[in-house]
Amino acid sequence: MRLDNSRESKNIEDRRGARLPIGGRGKIGLGTIVLALVAIYFGVDPSIVLQNALEPPGQESSYGTGATPEATPETRFVSKVLADTEDAWTAIFSQKGWGSYQQPKLVLFSGATPTACGTGQSAMGPFYCPGDSKVYLDLSFFRQMAQQLNSPGDFAQAYVIAHEVAHHVQHLRGITDQAEQLRRRGDAAASNQISVRVELQADCLAGVWAHHSDAQRNTLEAGDIEEALNAASAIGDDKLQQQSQGYIVPDSFTHGSSAQRVRWFKRGFQEGDPAQCDTFNIATL
């Protein structure tokens, strides 16, 4: 991915090495439940999230003091990818007449960190919290992608960031709230299906970002899209379930199958139009 001359985002919040604050427990709200679902997806006991829900940000001042960790090629890459998503979505929001794009923060952390959605855990993988409009990322996940999921490459990493930023776009557009209202009306299977549609739309929107990034700044190199498609395939529910438990339970899917994730990212990349990412009004995903 060509980012050598790209700017770095000012919206990086580096908490690596910070101590988790000691404070009162918070209420278990929607955000905590969302994180619990993410925990289930990555094979983590969701009770860890539910039992360790903290107060919303505001407790962050109780962190231990110390110098901010030095920037590395990895952190600069993350910062440049985030900046690229900012430029792309700012342009798209303007073109669509959606008003100004409100840029999210991206929090780098190690181990665990408090969020407006409860305690974020590294084992959950990257996630977006609508409660504070922040993307959370432990950089160790990139190593896990390469070593355990066989999904190496800089653009595979960029796809992960773009997918989480896409959840921010969904939040700004009111899709997140609408999806939650739909979840409340159905049973567990119906709720899972709504989650799948939310995640596949985020994959498609990540593809839209890739389309605009390359069209505007010529950022893609040979093999980049293949890296993204490989990553999308590697984190499909069917593949992860097969690897972890030896069998597949489609009704329990929350993110979509490998084929679905690949298909919707490709659709977004090929079309470059968020309007083509409507996963809620289509029968076959």
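This text goes with the structure placed above it.
Just so we're clear, the structure is a prediction, and the values are computed from it rather than from any experiment.

Calculation rules
Residues numbered from 1 in each chain as written. Predicted model: local features only at pLDDT ≥ 70, side-chain atom pairs only at ≥ 80, totals over all residues. Heavy atoms only, no water. Helix = DSSP H or I, 4+ residues; strand = E, 2+ residues; numbered from the N terminus. Buried < 20%, exposed > 50% of the residue type's maximum accessible area, 1.4 Å probe, protein only. Contact = heavy atoms within 4.5 Å. Areas by Shrake-Rupley, 256 points an atom, 1.4 Å probe, with all protein chains shown as cover. Core = buried A, V, L, I, M, F, W, Y, C linked by side-chain atoms within 4.5 Å. Disulfide = S-S within 2.5 Å. 1 Å grid on protein atoms, 1.4 Å probe; cavity = no way out; pocket = protein on both sides within 12 Å on 5 of 7 lines; lining within 4 Å. Points joined across faces, edges and corners; volume = space filled by probe spheres on them. Nonpolar A, V, L, I, M, F, W, Y, C, P; charged D, E, K, R; others polar.

### A few points about the overall build of the protein
Next up, step 1: Along the protein, the regular secondary structure elements total 10 helices and 6 strands.
Next up, step 2: For the protein, the proportion of its 285 residues judged to be buried stands at 49%.
Next up, step 3: Residue pairs in contact within the protein that sit at least 24 positions apart in sequence constitute 75% of those at least 6 positions apart.
Next up, step 4: Carbon and sulfur atoms make up 48% of the accessible area of the protein, which amounts to about 12,900 Å² in all.

### Focus: the nonpolar core
Next up, step 1: The biggest cluster of nonpolar side chains holds 55 residues, and the ones touching the most others in it are Trp89, Phe142, Phe155, Tyr159, Trp209 and Phe265.
Next up, step 2: Taken together, the elements giving at least two residues each to this core come down to α3 (73–96), β2 (105–108), β6 (134–137), α4 (140–147), α5 (154–172), α7 (188–217), α8 (224–234) and α10 (258–271).
Next up, step 3: Considering every element that reaches this core, the biggest residue donor is α5, with 10 residues.
Next up, step 4: If we skip the residues at most four places from it in the chain, tryptophan 209 touches Met1, Asp84, Thr85, Ala88, Trp89, Phe155, Ala158 and Ala162.

### Digging into the state of the cysteines
Next up, step 1: Going through the model one piece at a time under the given rule, you end up with 2 disulfides.
Next up, step 2: Here cysteine 117 pairs with cysteine 129 through a disulfide, and the sulfurs are 2.0 Å apart. Looking down the S-S bond of the cysteine 117 and cysteine 129 bridge, the torsion is 95 degrees, so its handedness is right-handed. Taken together, the residues cysteine 117 in the loop between β3 (112–115) and β4 (118–121) and cysteine 129 in strand β5 (residues 127–129) connect sequence positions 12 residues apart. Side by side, cysteine 117 and cysteine 129 carry an identical accessibility label, which is buried.
Next up, step 3: Put simply, cysteine 204 and cysteine 277 are joined by a disulfide, and their sulfur atoms are 2.0 Å apart. Its S-S torsion of approximately -70 degrees makes the covalent link between cysteine 204 and cysteine 277 left-handed. A residue pair is termed long-range when its members are at least 10 positions apart, and cysteine 204 in helix α7 and cysteine 277 in the segment after α10 qualify at 73 residues.

### Thoughts on the side chain of glutamine 260
Next up, step 1: Secondary-structure assignment places glutamine 260 in helix α10.
Next up, step 2: Discounting chain neighbours no more than four positions away, the residues touching glutamine 260 are Val196, Leu200 and Leu285.

### Description of empty space enclosed by the protein
Next up, step 1: Summed over all chains, the structure comprises 2 cavities of 30 Å³ or more.
Next up, step 2: Volume-wise, the second largest cavity comes out at about 30 Å³.
Next up, step 3: For the second largest cavity, the full set of lining residues is Met145, Leu149, Ser151, Val160, Ala231, Ala234 and Ile235.
Next up, step 4: Its residues assigned to classes, the lining of the second largest cavity comprises 6 nonpolar, 1 polar and no charged.

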